[in-house]
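Structure at a glance
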Amino acid sequence: MIALARSPRVTRWMQGNRAAAALARRFVGGGDVAAATAVARELERAGFKTSLYYLGEYVEDPALVAENGRQKIAAAEALAAARMQVHVSCDATQLGYAIDDAAGATLALRIGERLRALAEAGAQQPVLMLNMEDAAYVDRILVLRRHLLAAGVPVAQTLQAYLKRTAADLVPIIDEGGMVRLVKGAFADAGAHAFQGAAAIDANYLALAARMLAPEAKARGFRPVFGTHDHRLIPQIRDLARVNGWKPGEYGFEMLYGVRPLLQQALRDAGEEVRLYLPFGRAWWPYAVRRVGESPRNFLLLARTVLGG
Ligand SMILES: Cc1cc2nc3c(=O)[nH]c(=O)nc-3n(C[C@H](O)[C@H](O)[C@H](O)COP(=O)(O)OP(=O)(O)OC[C@H]3O[C@@H](n4cnc5c(N)ncnc54)[C@H](O)[C@@H]3O)c2cc1C
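Residues numbered from 1 in each chain as written. Predicted model: local features only at pLDDT ≥ 70, side-chain atom pairs only at ≥ 80, totals over all residues. Heavy atoms only, no water.

1. Considering the overall build of the protein
From N to C terminus, the protein includes 14 helices and 8 strands. Taking 309 residues into account, the globule formula puts the C-alpha radius of gyration at 19 Å, and the protein, at 19 Å, falls close to it. Expressed along its principal axes, the backbone C-alpha trace of the protein runs to roughly 55 × 45 × 40 Å. Across the 309 residues of the protein, 50% fall into the buried class. The contacts of the protein with a sequence gap of at least 6 include a subset with a gap of at least 24, amounting to 73%. Summed over all atoms, the accessible surface of the protein reaches about 14000 Å², with 57% contributed by carbon and sulfur. Positive and negative charge centroids in the protein, built from 38 and 30 side chains respectively, lie 5 Å apart. (Helix = DSSP H or I, 4+ residues; strand = E, 2+ residues; numbered from the N terminus. Rg over C-alpha atoms; globule rule 2.2 N^0.38 Å. Buried < 20%, exposed > 50% of the residue type's maximum accessible area, 1.4 Å probe, protein only. Contact = heavy atoms within 4.5 Å. Areas by Shrake-Rupley, 256 points an atom, 1.4 Å probe, with all protein chains shown as cover. Lys, Arg positive; Asp, Glu negative; His and termini not counted. Charge placed at Lys NZ, Arg CZ, Asp CG, Glu CD.)

Set out below in structure tokens:
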């Protein structure tokens, strides 16, 4: 799957192939900001919140980095104009961190300042959610978060349960009443710094969730978000929330658009806040093929796509 995601030839072929449109539609909210905003509006009507994500990561071409910055800002402005919550997700490596940290931080600040300005103009609770990338970027992304916070940007942070360091990284963000989206982690290259195996990662996920849902976190105004499709963890998280006096909406769940839609609906119907991570843009193949790799059932969809059915 990684080879398929990284192959420029396969990427060009799939992204230019009409038959592949079904795969794109399943996981991606359209090719541009207007299409993504329309999908976000439909999801809002269906009772879901969204986080818009312009596709393209680990970008080393300065022209593409600049385009990524423009698209993030365009997404925020379109959501504000449509009077929807301005929630935008971002990879540091789309903003220049794969080339030069200082230039990446400058572009991230420009996007963050636009969100801050939209908030001052009355936009609904803007959030710039920083995704977390491979282990080489963790410190640098946490530094970026502090830099944005100091500039008054409404910034939130994704943390990964597979890393042993995450418990320590979480503490200051809880103490300052910040916002964290907890995920298991999509990378497997951290060696001794990582928990090994699904059981150990799940156990750490729950231990971190317990900290995020502790009464002290609530008292600090901390905002916990659980980015998972794990039907075994979700009930345990909901129990923790209830026991500690959190109401739905004071914490939330976030899932990927197109992944386990029945679970998304069930959680929404149970009264929980469910946000969908909604990617858009033309560089959809590497993202979609990773989603395929996460579940054997998705292979059927890929096979149908490749066969043009
Ligand atoms: C909103 C959001 C943001 C994320 N941001 C980041 C980030 O910034 N950095 C990072 O490293 N990772 C990120 N991830 C990915 C995350 O780390 C996991 O790799 C991914 O979510 C799968 O983990 P899981 O918690 O769903 O548990 P798993 O144990 O992988 O899956 C739980 C259940 O869901 C099913 N499932 C999972 N994925 C799929 C799929 N694609 N299709 C069908 N069924 C599926 C599994 O089969 C299993 O039954 C994010 C995930 C989400 C939901």
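Structure shown, so let's carry the discussion forward.
2. A short note on the nonpolar core
One finds Val86, Leu148 and Phe226 to be the most contacted residues of the largest nonpolar core, which totals 77 residues. Beyond its immediate stretch of four places on either side in the chain, Leu148 contacts Ala108, Leu109, Leu128, Leu130, Val153 and Val155. With 20 residues, the next largest nonpolar core counts Ala5, Met14, Ala20 and Val259 among its residues. (Core = buried A, V, L, I, M, F, W, Y, C linked by side-chain atoms within 4.5 Å.)

3. Regarding the pairing of strand E2 (residues 87-90)
Here E2 shows a buried face lined by His87 and Ser89 and a second buried face lined by Val88 and Cys90. The pairing of E2 with strand E3 (residues 127-130) spans 4 bridges and is classified as parallel. Considered in E3, the bridge of Ser89 is made with Met129. Viewed along the sheet, the connection from E2 through helix H6 (residues 101-120) into E3 turns out right-handed. (Pairing = 2+ DSSP bridges. Right-handed = clockwise from strand over helix to strand, strands pointing away.)

4. Here we look at the pattern of salt bridges
Enumeration according to the criterion identifies 18 salt bridges in this entry. One salt bridge in this structure joins Arg181 and Glu254, with 2.9 Å as the shortest N-O distance. Of this pair, Arg181 sits in strand E5 (residues 179-183) while Glu254 sits in strand E7 (residues 252-256); the two residues are 73 residues apart in sequence, bridging distant segments of the chain. Side by side, Arg181 and Glu254 carry an identical accessibility label, which is buried. Residue Lys218 is joined to Glu250 by a salt bridge in which the shortest nitrogen-to-oxygen separation is 3.6 Å. Of the two residues, Lys218 is situated in helix H10 (residues 215-219) and Glu250 in the loop between helix H11 (233-243) and E7; the sequence distance between them amounts to 32 residues. Judged by its relative accessible area of 28%, Glu250 falls in the partly exposed class. (Salt bridge = Lys/Arg side-chain N within 4 Å of Asp/Glu carboxyl O.)

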